[in-house]
Amino acid sequence: MEILSENTCFGGIQGVYSHKSTACKCDMTFGLFLPPQAKTQRVPVLWYLSGLTCTHENAMTKAGAQGWAALHGIALVFPDTSPRGKGVADSDNYTLGQGAGFYVNATQDPWKPHFQMWDYIASELPALLMAEFPLIEDLQAITGHSMGGHGALTLAMNLPDQYKSVSAFAPIANPSTSDWGSEQLSAYLGDNKDNWAAHDSTFLMRDKGHPGHVLIDQGASDPFLNLLQPEKLSEAIAAKRQQGTFRMQAGYDHSYYFVASFMEDHIGFHAQALLGE
């Protein structure tokens, strides 16, 4: 692992690191914020998964999360959204390829050799972090925005023992039936839609749900509402009788202004699940 940068931030350290990924077969970069409490003890960790076109840096610099994480003593992980670099498949379509990994393990060429983002986020990167930093393996939570909200929800519902809590900002809620999802899931996983269900939060909510409370915020003025389809996830939450909070926020769009506006709520929500606050 290589240290790319480390900066003092709210009494803690905001670092950026690079390492050779076995899952993605390329160098991967991630951000990690360690709160000041990590200087003397191990701390819980909240994963933040970013959306289409993003790198590790977008949320790290725009979400306004570090101050609230420092207040509660929670580490933040900002992974990249896909493998990158020479020899890694890409597309002219910004919703596919580099910057658009959709947090799945690709089974189709040309994506299969590198696009193993599920294994990277769920297994490889957590193992690295727990070995190298003062984090508590049994106290993990996950959140994300847009494509990252999709990833957070699908990971949490498939791996409920790994994530104590889950939240999302404007998630791609029903990718199997959306232009932000169906084309990408077909490219990565093939045309058999049965293989898509494990990566569709609406289907997963109807089938599994999550043992904890679920928090979702959606901007009511989001220009991508027809692609995100939040109403389908909301209906699934009600049908499952899932303990959860789904909020349509009047006037808010899809930007990081929206994310930053409700970050305090989301980190407080996860602090309650992780620390009982």
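Every residue gets a number counted from 1 within its own chain, in the order that chain's sequence is written. Local features in this predicted model are restricted to residues whose pLDDT is 70 or higher, and side-chain atom pairs enter the listing and the counts only when it is 80 or higher, whereas totals over whole chains, interfaces and linings include all residues. In computing side-chain values, all of the structure's heavy atoms are included and hydrogens and water are not.

Thoughts on the overall build of the chain
A tally of helices and strands in the chain yields 9 helices and 9 strands. As defined in this context, the radius of gyration uses C-alpha atoms, and a globule is described by 2.2 Å times the residue total to the power 0.38. Taking 19 Å as the expected radius of gyration for a compact globule of 277 residues, we find that the chain reaches 17 Å, a close match to that expectation. Taking all 277 residues of the chain together, 58% fall into the buried category. Accessible surface area values rest on a Shrake-Rupley calculation with a 1.4 Å probe, where residue burial reflects the displayed protein chains alone. For the chain, the accessible area works out to roughly 11,100 Å², and carbon and sulfur atoms hold 49% of it. In the chain, which carries 16 positive and 28 negative side-chain charges, the distance between the mean positions of the two groups comes to 4 Å. Going along the chain from the N terminus, every DSSP run of H or I of four or more residues is numbered as a helix, and every run of E of two or more is numbered as a strand. When a residue's accessible area, from a 1.4 Å probe over protein chains only, is under 20% of the maximum for its type it is buried; when over 50% it is exposed; and in between it is partly exposed. As used throughout, the charge tally considers Lys and Arg to be positive and Asp and Glu to be negative, leaving His and the chain termini uncounted. Here the site of a charge means NZ on Lys, CZ on Arg, CG on Asp, or CD on Glu.

Some words on the side chain of Q14
Topologically, Q14 is positioned in strand 2 (residues 12-21). Polar side-chain contacts of Q14 include one of 2.9 Å to the side chain of Q66. Setting aside anything within four residues of it in sequence, one finds Q14 in contact with S5, E6, N7, C9, G31, L32, F33, M60, Q66 and F78. For this analysis, a polar contact is any N or O atom pair within 3.5 Å, provided that within protein one partner can donate a hydrogen and the other can accept it, and provided that sequence-adjacent residues contribute only side-chain to side-chain pairs. We call two residues in contact whenever any of their non-hydrogen atoms come within 4.5 Å of each other.

Thoughts on the packing of aromatic side chains
Under the pairing criterion, centres of Phe, Tyr and Trp rings, with the six-membered ring standing for Trp, must be within 6.5 Å; the plane angle then separates stacked pairs below 30 degrees from edge-to-face pairs above 60, leaving the rest tilted. Counted according to the given criterion, the structure contains 11 aromatic pairs. Centroid distance W111 to Y188: 5.6 Å. Interplanar angle 85°. Geometry classified as edge-to-face. One end of the pair, W111, is in the loop between strand 5 (75-79) and helix 3 (117-132); the other, Y188, is in helix 5 (residues 182-189), with 77 residues separating them in the sequence. Among the aromatic residues, ring-to-ring pairing joins F169, Y252, F258 and F262 into one connected group.

Considerations on the nonpolar core
Only buried residues count toward a nonpolar core. Its members are Ala, Val, Leu, Ile, Met, Phe, Trp, Tyr and Cys residues joined through side-chain atoms within 4.5 Å. Membership of the largest hydrophobic core comes to 89 residues, with the highest contact counts inside it found for F30, L32, Y120, L129, L135, I142 and Y188. For this core, the element with the highest residue contribution is helix 3, accounting for 9 residues. If near-sequence neighbours (up to four positions away) are discounted, Y188 is found in contact with L96, G97, A100, G101, F102, V104, A106, T107, Q108, W111 and F115.

Topic: the pairing of strand 5
Across the 5 residues of strand 5, 5 count as buried, placing the element largely inside the fold. What you see with strand 5 is no split at all: A75, V77 and P79 on one side and L76 and F78 on the other are buried throughout. Only strands that DSSP links by at least two bridges are regarded as paired with each other. Bridge count for strand 3 (residues 26-34) against strand 5 is 4 bridges, and the pairing is antiparallel. Across the sheet, residue G31 finds its bridge partner in strand 5, namely F78. Pairing analysis gives 3 bridges linking strand 4 (residues 43-49) to strand 5, with the strands arranged parallel. Pairing of L46 across the sheet is with L76, part of strand 5.

Keep in mind that these numbers describe shape and distance, not what the molecule does.
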